Amino acid sequence: MSSVTRPPEGFAMIRATVLLFFLGRAILAQEAPVPYPDLVKEYEAASKADHQGAAKQFVPRFVEAAAARAGREEAVPFLLWVVENARAKEFGDQVRGALATLLETHIASPQLSRLPWALYIQTWSLGTEAVQAALTTLVEKSPHPAVQATALHRRAEMVGGRGAVDAEALAAARADCKRAIELAPGNPSYTGLLFEIENLQVGMVAPEIEGKDLDGVDFKLSDYRGQVVLLDFWGDW
């Protein structure tokens, strides 16, 4: 009858440690969150084939990816993506949830310089008051001048860039633009909007324009003072 050999002392502990190691690696492999650039690439590929279908598929995935990184800076790009890209009415809850998390949990993130533009294009969905309130939160609570400047610019654009004639609102938009320029000097978008607010509002005298007509003859806009003039500015992108 053969005898049973007793395992070396500590063998059971070593075996348990090895098993736990491989079990842990297996769990991590199953639950490893998808990196942001990879998820964006997946979305872009799917969007080429079916834009609406891709949004329905990927908005929940970006929300879940953000939740998997809750409270960490890595969650910010996923939350921003939701606000930027979930534009259909059916995604309203996801957009509002992502926005609330960004403003409450990640207000100190420098990545929020992307948020003002996302808010601007979501105005029709979130409503003007909600967007203006969010922009004001960024202006007042973000510690980053670049974020503050971008928010100020978009807040001013919601007034000065839409032909506003209310003197008080226009004055506030002008002040926002000037402060944005102070925070981020040299930005042509900020100086351009300030010029529009100060010179291109309804009822103002149009700035002088000089050029050549279709026959190559020099002319100035002031040459036609007192006449009805249609100015058509256009561009090709």
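Scroll up to find the structure this text is about.
This one's a predicted model, so the numbers in the text were calculated from it and none came from an experiment.

Notes on the layout of surface pockets
Next up, step 1: In this structure, the largest pocket encloses a volume near 230 Å³.
Next up, step 2: Around the largest pocket, the lining residues are Ile209, Lys212, Asp213, Leu214, Phe219, Leu221, Tyr224, Val229, Leu231, Asp232 and Phe233.
Next up, step 3: In terms of residue class, the lining of the largest pocket is made up of eight nonpolar, no polar and three charged.
Next up, step 4: Its volume calculated, the second largest pocket comes out at about 200 Å³.
Next up, step 5: When its residues are assigned to classes, the lining of the second largest pocket shows six nonpolar, three polar and two charged.

Describing the pattern of salt bridges
Next up, step 1: In this structure the tally under the stated criterion is eight salt bridges.
Next up, step 2: For the salt bridge of Glu157 with Arg154, the shortest nitrogen-to-oxygen distance reads 2.5 Å. Pair noted here: Glu157 and Arg154 are both in helix H9 (residues 145-160), with a separation of three residues, about one helical turn.
Next up, step 3: Residue classification places Arg154 among the buried positions, given a relative accessible area of 15%.

Structural notes on the side chain of Arg154
Next up, step 1: A polar contact of 2.5 Å, which involves the side chain of Arg154, links it to the side chain of Glu157.
Next up, step 2: The residues contacting Arg154, other than those within four sequence positions of it, are Pro116, Trp117, Tyr120 and Leu135.

Brief notes about the nonpolar core
Next up, step 1: Within the largest apolar cluster, 44 residues are counted, with the highest numbers of intra-cluster contacts made by Phe62, Trp81, Leu102, Leu112, Leu115, Leu119 and Leu138.
Next up, step 2: Elements with a minimum of two residues in this core: helix H2 (36-49), helix H3 (51-68), helix H4 (76-85), helix H5 (92-105), helix H6 (115-121), helix H8 (128-141) and H9.
Next up, step 3: Counting residues in each nonpolar core, the second largest holds eight residues, with Leu170, Leu193, Leu194 and Ile197 among its members.

Thresholds, definitions, all that
- Residues numbered from 1 in each chain as written.
- Predicted model: local features only at pLDDT ≥ 70, side-chain atom pairs only at ≥ 80, totals over all residues.
- Heavy atoms only, no water.
- 1 Å grid on protein atoms, 1.4 Å probe; cavity = no way out; pocket = protein on both sides within 12 Å on 5 of 7 lines; lining within 4 Å.
- Points joined across faces, edges and corners; volume = space filled by probe spheres on them.
- Nonpolar A, V, L, I, M, F, W, Y, C, P; charged D, E, K, R; others polar.
- Salt bridge = Lys/Arg side-chain N within 4 Å of Asp/Glu carboxyl O.
- Helix = DSSP H or I, 4+ residues; strand = E, 2+ residues; numbered from the N terminus.
- Buried < 20%, exposed > 50% of the residue type's maximum accessible area, 1.4 Å probe, protein only.
- Polar contact = N/O pair within 3.5 Å; in protein donor to acceptor, adjacent residues only side chain to side chain.
- Contact = heavy atoms within 4.5 Å.
- Core = buried A, V, L, I, M, F, W, Y, C linked by side-chain atoms within 4.5 Å.

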